[in-house]
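# Analysis of the macromolecular model
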Amino acid sequence: MTVALERPAPADRALPDTHAHRTDLLMVAEMIEPGTRVLDIGCGDGALLQLIEKRLGVDGRGIELSQRGVNECVAKGLAVVQGDADHDLVNYPDNSFDYVVLSQTLQATYNPRDVLEHLLRIGRRAVVSIPNFGHWRMRLQLLWRGRMPVTDNLPQKWYETPNIHFCTIRDLLELVQDVGATVERAVALDPRGRRFGRDMPIWLLNLVGEQAIFLLRRNGVDD
Amino acid sequence: MTVKTSRRTKARTQIEEPDSHVVRFPAERPLDLDCGARLAPLTVAYQTYGALDAEKANAVLVCHALTGDQHVANRHPVTGKPGWWDLMVGPGKPIDTDRYFVICANVLGGCMGTSGPASLNPQTGEPWCLDFPVVTIRDMVRAQAMLLDHLGIDMLFSVAGGSMGAMQVLQWVASYPERVFSAIPIATAARHSSQNIAFHEVGRQAVMADPDWRGGRYLLEGRTPRKGLAVARMAAHITYLSDTALHRKFGRNLQDRDEVTFGFEADFQIESYLRHQGMTFVDRFDANSYLYMTRAMDYFDLAADYDGVLAKAFMGANTRFCVVSFTSDWLFPTAANRHIVHALNAAGARVSFVEIETDRGHDAFLLDEPELFAAIRGFLDSAGRARGLSRQAAAE
């Protein structure tokens, strides 16, 4: 179970296992209204797009960096273009999608703030999921062992990880506020896929959530 | 020598009596051209493969490139070689003739049976030569639309092509969005770049500098600007390949000799190869037609017809797109193809875009590229499902 890792790299590298986390994928799907237009950034082999096109009848589009991923998507009949979050979002018009999905990729972009602003500009809503660097296991590894955390979901060592901008749930919430957006829904998952909601205080979510999924809305955008 | 002569004779025969289907539109059905001229009567030579289904829903129009022709997937009547897209089109191939009815027409201005500068001018009974009006990519597409009307096909399941063929694909969607269900532009651009115009100008000047060109009247004077056209082809051919591919194939290898000759014969294999490319080309292609084709590409600037905003060319089209580029193509680089993708995104079109990793340059679209085939096959399969086409062979 690796986490979405989207970085410019040789084209024949292994396909990023973007949506291997089935719970994560279903959770994202839950936040999307049927019959809408959805852009999935870093769509991997197209598992999420396929799921939501089939179940929710959405009009889905994807962006994926790896040639293998794009080809798999095209072969499945998905409308996917080769590109990446850092460079290609600028070309999408304002409000051209109902939802823009960025799954486990924000921490691997060069400019997470710019990317987040693009998501909120292009979509009426953004669905963003992140690995939570504030999870207690991460904290313990750093505290007790004095080492950069390595977990099942984030298996790469510091020198080989494409995740160059790790953040915690708290950090992301702060950024969301800074860019003028509102969290409509937030769900955290523990390593076993158990979910925690907003009934839990943020400090606790930030401790027990190994990853988190947010439904975001730009302030001023109504339903 | 006799082989060459007979090839040349065969090539001349193709102009008026091609080895393919031909539709000769009556003078009452003229073609109005962008330059303001009216062309009548219009002749379109075309080839078909597979069978049209009962609903006439499975037609795929293949558009050929600069020096291609309608012989996509059959032995070429002049050269005897396999069709230029034999790897892509045929039974069980990505553009599967067991499922689709494939049509390819020789473009307007060509020299394989469709009206062009080598065709007879009905007013004079002699070849048009430079009196033939200058045509555009849009004119080529208009002529193809007339052919489809003639065949009774309202909507194409797909339009596919590479390079100049892909320019026609883009123009098809812009001109007739309601007639194109899916589109596959490969290795192209929405406009011909300054550099590309420059290369074409070198080619044209080579043709026109040949004394046998005779101010374009060589057909009337029984001459052929062989040297000039061969040089044009040689220069162009370099642009279709990549440095890496050339070096891998030829390196600095010498041709049938152990040492350089301190002269100007073809010492190097690459020289010999290019000379061969040039000489075989002139046997099958009309020099004036080459001028007209290159000019049509130079004039292509799709956005210019839509206030300079390319997205407007595709606004409102329900066409599904599959755009393909090649990493080593420096004639129509990925950036030029990506530019089209961005415009399509801006227009809200349903677009897929694949960049194929290859070192074979622009010509890769004609070659054995498994990733290209997989993408086209997958795209057409899914488009076929959306269109409700049967997975089986076309209705008998």
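Source: prediction; values computed, not measured.

## A closer look at helix 3 (residues 67-75) of chain A
- Where helix 3 of chain A is concerned, the buried positions are Gln67, Gly69, Val70, Asn71, Cys73 and Val74 of chain A.
- Residues of helix 3 of chain A that are buried sit in contact with strand 2 (59-64) and strand 3 (79-82) of chain A together with strand 13 (320-326), strand 14 (350-356) and helix 11 (370-387) of chain B.
- Following helix 3 of chain A by one or two positions, Gly77 of chain A adopts a phi angle in the positive range, close to 85 degrees.

## Considerations on the packing of aromatic side chains
Residue and element names in this part refer to chain B.
- Following the criterion strictly, the structure yields 15 aromatic pairs over all chains and no others.
- A ring pair is formed by Trp84 and Trp85, whose centres lie 5.3 Å apart and whose planes are at 15 degrees; its orientation type is stacked.
- Linked through ring pairs, Tyr100, Phe157 and Phe181 together constitute an aromatic cluster.
- The ring of Phe281 carries Arg233 above its face, with NZ or CZ at 4.6 Å from the centroid.

## So, the confidence of the model for chain A
- Per-residue pLDDT for chain A averages 86, and the proportion of residues at 70 or more is 89%.
- Long-range and interchain partners of residues 1-21 of chain A, a stretch whose pLDDT sits below 50, account for 68 contacts in this model, where long-range means more than four residues apart.

## A look at the packing of helix 5 (residues 226-240) of chain B against helix 7 (residues 269-284) of chain B
All names here are of chain B.
- At their nearest, the axes of helix 5 and helix 7 sit 8 Å apart, and the two run at 125 degrees to each other. In terms of their interaxial angle, helix 5 and helix 7 are classed as oblique. Considering how the two elements wind past one another, helix 5 and helix 7 form a crossing that is right-handed. Where helix 5 abuts helix 7, its residues Arg226, Leu229, Ala230, Arg233, Met234, His237 and Ile238 lie against Tyr273, Leu274, Arg275, Gln277, Gly278, Met279, Phe281, Val282, Asp283 and Arg284.
- Residues of the contact of helix 5 with helix 7, tallied by class, amount to nine nonpolar, three polar and five charged.

## Topic: the nonpolar core
- Leu119 and Phe214 of chain A together with Ile103, Leu108, Trp172 and Phe314 of chain B are the most contacted members of the largest nonpolar core, which has 124 residues in total.
- The greatest single-element share of this core, amounting to nine residues, is contributed by helix 2 (residues 137-151) of chain B.
- If we skip the residues at most four places from it in the chain, Ile103 of chain B touches Tyr46, Gln47, Thr48, Ala59, Val60, Leu61, Val62, Leu147, Leu148, Leu151 and Ile153 of chain B.
- Cys43 and Val58 of chain A together with Val72 and Phe379 of chain B belong to the second largest nonpolar core, which has 62 residues in total.

## Considering the pattern of salt bridges
- Inspection of every chain in the model, using the stated rule, returns 34 salt bridges over all chains.
- The partner of Arg37 of chain A in a salt bridge is Asp59 of chain A, with the nearest N and O atoms 3.1 Å apart. Taken together, the residues span a long stretch of sequence, with Arg37 of chain A in strand 1 (residues 37-41) and Asp59 of chain A in strand 2 at a distance of 22 residues.
- Accessibility expressed as a relative area gives 22% for Arg37 of chain A, which makes it partly exposed.
- Here the salt bridges share partners, and the residues they tie into one network are Arg37, Glu53, Asp59 and Arg61 of chain A together with Arg350 of chain B.

The rules behind each value
- Residues numbered from 1 in each chain as written.
- Chains lettered and ligands numbered in written order.
- Predicted model: local features only at pLDDT ≥ 70, side-chain atom pairs only at ≥ 80, totals over all residues.
- Heavy atoms only, no water.
- Buried < 20%, exposed > 50% of the residue type's maximum accessible area, 1.4 Å probe, protein only.
- Helix = DSSP H or I, 4+ residues; strand = E, 2+ residues; numbered from the N terminus.
- Contact = heavy atoms within 4.5 Å.
- Phe/Tyr/Trp six-rings, centres within 6.5 Å; stacked < 30°, edge-to-face > 60°.
- Lys NZ or Arg CZ within 6 Å of the ring centre and 35° of its normal.
- pLDDT = per-residue confidence, 0-100.
- Axes fitted to C-alpha atoms, helices over the stretch in contact; angles between N-to-C directions.
- Parallel < 35°, antiparallel > 145°, perpendicular 65-115°, else oblique.
- Left-handed = near helix turned anticlockwise from the far one by under 90°.
- Nonpolar A, V, L, I, M, F, W, Y, C, P; charged D, E, K, R; others polar.
- Core = buried A, V, L, I, M, F, W, Y, C linked by side-chain atoms within 4.5 Å.
- Salt bridge = Lys/Arg side-chain N within 4 Å of Asp/Glu carboxyl O.

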